[in-house]
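These are the residues of each chain, in order.
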Amino acid sequence: MTEESLELKEAELRGKRGKETKLREDASTVAAGLPAGTFVDNSCWTALHSDVPLPASSLHCTELSKVLSRLRELMTVFSPGLISQLSDEAELDSTQPLPLRTLLEQAREVSFHLQTNKDTDANRDWKLVLLFVQMDQLCACDQQQVLSDIKRVVEEVDEALQLMHSQLERTVVSVALWDGEHDTVQRKKCLYVSDGEIRLQRALLIQALQDSLGELMVQKNWYRYRDDFTVTLQDAPFIRDPSPVAKGKPASEFEELKHTDDLMVQMWTNLLQPTVDQHKTEDNGNIITLPCPSEDRPFLRTEGNSPSYHPSEASSLPQALPGTDMPCEDLSPSASTPTSVHELRPGDIKVVAAVGDSLTAGNGIASSPNNILDVLTQYRGLSWSIGGDGNLTTVTTLPNILKHFNHNLTGYSLGVGRQDSPQAFLNQAVAGAKSKDVPSQVRALVARMKNDPRINFESDWKLITLFIGGNDACDHCYNSLLFSVENYVRNVQESLDYLHKEVPRALVNLVESLHITPLREMHIDPSLKCPTWLVNILCPCVVLPKPNSESLHNLEKINKGYQDALHEIVESGRYDTHPNFTVVIQPFFREIVVPRLPDGHPDRSFFSADCFHLSQKAQTIMARSLWNNMLEPVGNKTSKQEFKPSLALKCPTKSSPFIRTYNNSDYIYSGPAPTPGPITNWGSDFSCGTVSPSEIQPTSVHKLRPSDIQVVAALGDSITAGTGAKAGNLLELSKNYREVSWSIGGYKTLDTVTTLPNILKMFNPLLKGASKGQWPTQKGFNMAAPGAKISELSAQVQQLIKSMKESKEVNFEKDWKLVTIFIGGNDLCNYCLDQNNLSPANYSHHLQLSLDMLSKEIPRVLVNVVELMQISLLKTVQRNTLGCSLLQRMNCPCVINPSENSPEFEAIKQINHKYQVEVNRLISGDRYDGKEDFAVVLQPFLHSSFIPLIGVGEPDTSFFSVDCFHISERAHAEMAIALWNNMLEPVGKKQAYNNFTYDRSKIHCPSEARPFIFTKMNSLSSLPVPTIPPYTAATSPSTGPKCPSSMPVWVPVVVGIVSLLAGIAVSWIILSCCQRQNKEKENVEKKKETGF
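Analysis parameters
- Residues numbered from 1 in each chain as written.
- Predicted model: local features only at pLDDT ≥ 70, side-chain atom pairs only at ≥ 80, totals over all residues.
- Heavy atoms only, no water.
- Salt bridge = Lys/Arg side-chain N within 4 Å of Asp/Glu carboxyl O.
- Helix = DSSP H or I, 4+ residues; strand = E, 2+ residues; numbered from the N terminus.
- Core = buried A, V, L, I, M, F, W, Y, C linked by side-chain atoms within 4.5 Å.
- Buried < 20%, exposed > 50% of the residue type's maximum accessible area, 1.4 Å probe, protein only.
- Contact = heavy atoms within 4.5 Å.
- Expected span 1.5 Å × (residues − 1).
- Arc of directions from axis to C-beta.
- Axes fitted to C-alpha atoms, helices over the stretch in contact; angles between N-to-C directions.
- Parallel < 35°, antiparallel > 145°, perpendicular 65-115°, else oblique.
- Left-handed = near helix turned anticlockwise from the far one by under 90°.
- Nonpolar A, V, L, I, M, F, W, Y, C, P; charged D, E, K, R; others polar.
- Phe/Tyr/Trp six-rings, centres within 6.5 Å; stacked < 30°, edge-to-face > 60°.
- Lys NZ or Arg CZ within 6 Å of the ring centre and 35° of its normal.
- pLDDT = per-residue confidence, 0-100.
- Pairing = 2+ DSSP bridges.

> Could you clarify how one ought to interpret the pattern of salt bridges in this entry?
Tallied over the entire structure, the rule returns 28 salt bridges. Two residues, Glu906 and Lys909, come together in a salt bridge whose shortest N-O distance is 3.2 Å. With Glu906 and Lys909 both in helix H25 (residues 903-924) and 3 residues apart, the pair spans about one turn of that helix. Here Lys931 makes a salt bridge to Asp933, at a shortest N to O gap of 3.8 Å.

> I would appreciate a short explanation of the nonpolar core in the present structure.
Membership of the largest hydrophobic core comes to 143 residues, with the highest contact counts inside it found for Leu161 and Val175. In terms of residue count, the dominant contributor to this core is helix H6 (residues 195-219) (10 residues). Those residues in contact with Val175, other than ones at most four positions away along the chain, are Leu131, Val133, Leu161, Leu213, Met217, Val231, Thr232, Leu233 and Gln234. Grouped together as the second largest cluster of nonpolar side chains are 94 residues, Ile801, Phe822, Val877 and Leu979 included.

> How should helix H11 (residues 438-451) be read in this particular structure?
For an α-helix, the turn length of 3.6 residues means that residues three or four places apart are oriented alike. An ideal rise of 1.5 Å per residue puts 20 Å on 14 residues; H11 measures up with 20 Å between its terminal C-alpha atoms. Those residues of H11 that sit buried are Val438, Pro439, Gln441, Val442, Leu445, Val446 and Met449. In a view along the axis of H11, the buried residues occupy a sector of 155°, so they form one face of it.

> What is the right way to look at the packing of helix H20 (residues 793-806) against helix H22 (residues 840-857) in this model?
Relative placement of two packed helices is described by the angle separating their axes and the distance separating the axes. Between H20 and H22, the least distance of the axes is 8 Å, while the angle of their chain directions is 15°. By the angle class used here, H20 and H22 are roughly parallel. Note that H20 runs across H22; the crossing there is right-handed. For the pair formed by H20 and H22, the contact residues are Leu793, Ser794, Val797, Gln798, Leu800, Ile801 and Lys805 on the first element and Leu847, Ser850, Met853, Leu854 and Glu857 on the second. For the contact of H20 with H22, the residue count by class is 7 nonpolar, 3 polar and 2 charged.

> Honestly, the packing of aromatic side chains in this entry has me stumped. Any pointers?
Between two aromatic rings, the relevant description is the distance of the centres plus the angle of the planes. Scanning the model with the defined rule gives 19 aromatic pairs in all. Centroid distance Trp384 to Phe467: 5.5 Å. Interplanar angle 85°. Geometry classified as edge-to-face. You can see Trp384 sitting in the loop between helix H9 (358-361) and helix H10 (398-402) and its partner Phe467 sitting in strand E7 (residues 461-467), a full 83 residues away along the chain. On the basis of relative accessible area, Phe467 is assigned to the buried category, the value being 2%. Between Trp384 and Phe588 the ring centres are 6.1 Å apart and the planes differ by 75°, which places this aromatic pair in the edge-to-face class. Taken together, the residues Trp384 in the loop between H9 and H10 and Phe588 in the loop between strand E9 (581-586) and strand E10 (591-592) connect sequence positions 204 residues apart. By relative accessible area, which is 0% here, Trp384 ends up buried. An aromatic cluster is defined as three or more aromatic residues linked by ring pairs; in this entry it consists of Trp384, Phe467, Phe588 and Phe589. The cationic tip of Lys462 hangs over the ring face of Phe457; the distance from NZ or CZ to the ring centre is 5.2 Å. The side chain of Lys875 reaches across the aromatic face of Phe905, ending 5.3 Å from its centre.

> In this structure, what is going on with the confidence of the model for the chain? I would like to understand it.
Detailed conclusions should not be drawn from predicted coordinates in areas where pLDDT is low. On average, the chain scores 80 in pLDDT, and the residues at 70 or more come to 78%. Note on residues 1-61: pLDDT under 50 across the span, and 198 contacts to partners over four residues away in sequence or across chains. The model gives residues 182-189 a pLDDT under 50, and that stretch makes 22 contacts with residues more than four places away or in other chains.

> Can you help me understand the pairing of strand E6 (residues 349-356) in this one?
The two faces of the sheet receive side chains in turn, since in a regular strand these alternate between them. Most of E6 is tucked away: 7 of the 8 residues are buried. In terms of strand pairing, E6 meets E7 through 7 bridges, oriented parallel. Its bridge partner being in E7, Gly356 is matched across the sheet by Phe467.

In structure tokens form, the structure reads like this:
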């Protein structure tokens, strides 16, 4: 930078708003490193600031290195002369242990470097320092230690900032939290803590540190002791993608890369845009919209030009509702202990109990709006359905209401603590629990009941409240099978069945799963200042979906499905087999109306500090609502919750003095749902309205509609050949039932046989190439061969080319062809016998040869490459038959023979994963992007495959043939549906797991907006990119190039910001100039087209 340009920049910085408020992206120096700073609690982990070295290749360092690498590459678009402190990219991936230093030591080193670096002018160059505070060793094992840990790390950050303030001129320091740890690691540190609790603890502790750092900045006035130095705090931590935790499966390579890009965009955006009222860009999955400095906001963000919001500024919310008046006059119990649950008065209840999640555990009920960390506290004594603190005049809970009817009531929880604490008593709810956790809670509850001397287990009447489902809905989009309605109701039913069997004299309040979508309103209104990033972690499937999106529709469907399913099991009458037990659904949460202030904004006082859990004010209304539901007749209960403070308690009457059940409500159960008849075929229903082809036959594969497909073909092994698909015995196992093969079978119609060709025939009845029978003349273009390995694929391609050219039905040059390839299972099954020839590299090589041949020899073709399944799951498929014990081992020795946890078995799982990676790498590149009439699409529905279960952990063998290796016609039908649905999903947003649940209506339809079969190219072009009003010279003349309003980011760039340390360090980056000379404009536009 010349002296003249420095003077111009200095003059620009000394405008009316002062130097700090007008700092642009005008610096020319970068100092780079990796982050540091965290809690220290030797009871939970090795002290981060000890002398114990950590490897530089640890996961969090690798990801942060990649993020910084992308950020640096982005900034070179604005300033090609960007300078780094260390430029050796090898530092990023070093596997050598590096000595650890404190945050202060690292700040001292970098300050020294910036002052002595010959490439920079310490007195004139403006510098931006990114200081990351790592959270890798965060643990909440000892919550008493948490506050001192937070204080310690804040002091460390303060020391580092004070040092840099004394050493550096013309500097803006941006402080951010970085959390790179997987929750599975945390699970190993904190024993006896559930996964749901860990997730909640981690999110709240990060937010607590974020708030504490914000308080530090306010106390220090953002270190603005001079005009040329200030500190900013990024308003949201950098969090690893939580979806693998929710799914229980590792993220795919694509998901990891996309999340890295998302973090880079978050980092870049926070450097440019104000903390308050930031422009929210729509996440379209494949195209990331990259903001640019705008004409009216061209500066780097500082507290001076963009004041931020801090929790300490929050006005105190209205106090909790006072206690509740007891209006009832007749509080007496029955004259003698009733023998029927249908004649149970409130005064007859002697024991209360509850199971559920954090809403019953009491998380954050009494927390102040500024104390996010206190949401971890479980105020069980205040819990709506089971708390017993104080009395009804001060604390409204169901037990405190019942105490007016029976002063000897027991079972309620007091004070604070976890479910295993003595004061929890019969409140066995667990924070973060899902429906799958309720059976274990119920068992723990019954054990406590049986062993407590205060309870006469056989004679005392018990009131048990079960409320669960919110957390299932929060994660359903990550695993729609695990959190399906079927699994939800199965878990609840198992719990109720156990209570029905084990607990005499009990009435169970089964509270409907709450209507959860209104929670979104708390995170749409920016005036509420809710920590939405935190709730994105706790409840992503509710908060993240866009309005009117399919994801939101699925949420509402699953939410209602949970509610309806509870009615079905109760209406079946299975819990009314004797007079001392019943289950009553209490539906007051079926529909929720968000309470609002007079100005129309949602009333945050009904929520705890995190805008997710409910405050004591809300819990008061819940207790009143539950009590009122209990006194309302079945079939006529209140099902809408408006959270009105004026809601009063109802009372038993002389005509109906009992807690209402179906019997004393004169309610007749509808009975169990009709048992479906036997399944006679594996056909599917078809509901697509638009099936017409393109008006003009397309010349581009990226504009191909299903009706334009005229020829189908398939390549592969015995799965595609249909081996044993309809076999009823071992003799029929050798038959190839090609006519029902998932990807190429054309037997009968879709109504009775589900295959990809039968689906396509609904769009084009003249489809050619499908297999019609078992004879060679009926196989069509099904070239698959039983036992085939990838090395034989090229021969199948040659055979296909020859057959197509010789076919009189096919117009080889003009017909559009769909070819499906699925192969590799036999390679994996025999890998241990021939590792060299069956290596992942060879697998990719042979696939490439075959795809190259298809591309060169066949015009107008779209190729589906179906990703390999996780073949290790075959080991779980067992029947006590000769076929399953002997033939399975013969067909797949390298998977079936090794013991479960042996090195050999682990090795084959790793090779399986490498096969998947190699195929992904081959197809995601640009090798097959050069032709308009050819495309290859990876269909990943088997990537994270699993086998549906029946009973407890028992695989459903109806998906397999008699040898427990080949698949049955039922599985062929499911694979056909999954393949078809994958074809209608954009690349990058395809479902990567199988949904093998029987449903004739699972076939998706092309939309009017997106009528084409998705390829990589039309997946990108079909997604809209939000824009900002364009830059105009009329509003503000500029000598440099105009910055585009948004920049699409598609694929990761590989140039790296180098690291100083791994595990801990401070990263410094000085941004480049946004406005440069006109000669650079062409280069900027070119880079914009490639993007990330």
